[in-house]
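Commentary on secondary and tertiary structure
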Amino acid sequence: MNTQFYESEFLLNGEKHTLAQWQETPIIIVNTATKCGFATQFDGLQKLHEAFKEQGLIVIAFPCDQFRHQEPESDENMAQVCQLNFGVTFPIAHKIAVNGDSTHPIYQFLKHQAPGLFGSEKIKWNFTKFLISANGQTVKRYAPSTEPKRLIQDIKRLLPS
């Protein structure tokens, strides 16, 4: 288990949180943007949230505005826009950086644990998804174009029987 990963702070509804409260359960972390062409994936992520939340899965969106200014919403409006436009009820964190010198510590860990194509740690676009097992033992990365429903079999392998 990576303590720094679980103790890295982020804002959720204006309050400081860590992933520590979810360290015993699988987590999907995804960098999102409401104006991205992949924003239709909010629906699929919501379906995963609804289908598996009772078994412990948590989906957490980390909005990011590093890709062609596709996330213009303020932190204060983010959850409301996602709920109204996409029906999202899973947690939406504050905007973070996923690349560069200001990369959030959660993404530093994820990118190192599950590099992308050809070993690149860089996040290439919005809606890159990470599936983390309980205690952060396994991290799997999915391309932005991977539809959320394609994560179902991997999610089922991580959930208690």
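Quick look at the structure, then. Since the model is a prediction, treat every value here as computed from it, not as a measurement. (Residues numbered from 1 in each chain as written. Predicted model: local features only at pLDDT ≥ 70, side-chain atom pairs only at ≥ 80, totals over all residues. Heavy atoms only, no water.)

Considerations on the overall build of the protein
Note the cut-off: Numbered from the N terminus, helices here are DSSP runs of H or I no shorter than four residues, and strands are runs of E no shorter than two. Our radius of gyration is a C-alpha quantity, and the globule rule it is checked against amounts to 2.2 Å times the number of residues to the power 0.38. Buried residues are those whose accessible area, probed at 1.4 Å on protein chains only, stays under 20% of the maximum for their type, while exposed residues exceed 50% and partly exposed ones sit between those limits.
The helix and strand inventory of the protein stands at five helices and six strands. Reading the protein from its N end, one meets helices and strands in the order α-β-β-β-α-β-α-α-β-β-α. Computed over the C-alpha atoms, the radius of gyration of the protein is 14 Å, within 12% of the 15 Å expected from 2.2 N^0.38 for a compact globule of 161 residues. Along the first, second and third principal axes, the C-alpha set of the protein runs to 40 × 35 × 30 Å. Considering the protein as a whole, with its 161 residues, one finds that 52% of them fall into the buried category.

A short note on helix α4 (residues 105-113)
This is how the line gets drawn: Contact criterion: two residues are considered in contact whenever any of their non-hydrogen atoms come within 4.5 Å of each other.
Taken as a whole, α4 has its buried residues at Ile106, Tyr107, Phe109, Leu110 and Lys111. Buried residues belonging to α4 abut α1 (3-7), β1 (10-12), β3 (27-32), β4 (58-63), β5 (129-132) and β6 (139-142).

Quick look at the environment of histidine 17
Convention followed: Polar contact criterion, stated in full: a pair of N or O atoms within 3.5 Å, where within protein one must be able to donate a hydrogen and the other to accept it, and residues adjacent in sequence count only if both atoms are side-chain atoms.
Note on placement: histidine 17 falls in strand β2 (residues 15-17). Given the relative accessible area of 22%, histidine 17 is considered partly exposed. Separated by 76 residues in the primary sequence, histidine 17 and alanine 93 have C-alpha atoms spaced 9.3 Å apart. Aside from chain neighbours lying at most four places away, what touches histidine 17 is Ser8, Glu9, Phe10 and Leu12. Here the side chain of histidine 17 touches glutamine 21 through a polar contact of 3.5 Å, side chain to side chain.

What about the pairing of β3?
Worth spelling out the cut-off: Here, any two strands with at least 2 DSSP bridges between them count as paired. The handedness of a crossover follows from its direction of travel: if, with the strands pointing away from the viewer, the path from the first strand over the helix to the second runs clockwise, the crossover is right-handed.
Most of β3 sits inside the fold, with six of its six residues counted as buried. Strand direction decides the pairing type here: β3 and β4, joined by six bridges, are parallel. Paired with isoleucine 28 across the strands is valine 59, a residue of β4. Handedness of the crossover is the feature at issue here: the chain leaves β3, passes through helix α2 (residues 41-52), returns alongside β4, and the resulting connection is right-handed.

As for the environment of aspartate 65
Relative to the assigned elements, aspartate 65 resides in the loop between β4 and α3 (75-86). Given a relative accessible area of 25%, aspartate 65 falls into the partly exposed group. Note: C-alpha distance between aspartate 65 and alanine 33 (32 residues apart in sequence) is 6.9 Å. When neighbours within four sequence positions are excluded, aspartate 65 is seen to be in contact with Gln70, Glu71, Pro72, Lys95 and Ile96. Reaching out from aspartate 65, the side chain makes a polar contact with the backbone nitrogen of glutamine 70 at a distance of 3.2 Å. Of note is the side chain of aspartate 65, whose polar atom sits 2.9 Å from the backbone nitrogen of glutamate 71.

Brief notes about the packing of aromatic side chains
For any pair of aromatic rings, the description consists of the separation of the ring centres together with the inter-plane angle of the planes. Rule in force here: Pairing of aromatic rings covers Phe, Tyr and Trp, the last through its six-membered ring, and needs centres within 6.5 Å; plane angles under 30 degrees mean stacked, over 60 mean edge-to-face, and all others mean tilted.
Tallied over the full model, the rule gives eight aromatic pairs. Consider the rings of phenylalanine 5 and tyrosine 6, whose centres lie 4.9 Å apart with planes at 75°: the pair is edge-to-face. Accessibility expressed as a relative area gives 1% for phenylalanine 5, which makes it buried. Using a relative accessible area of 0% as the deciding quantity, one classes tyrosine 6 as buried.

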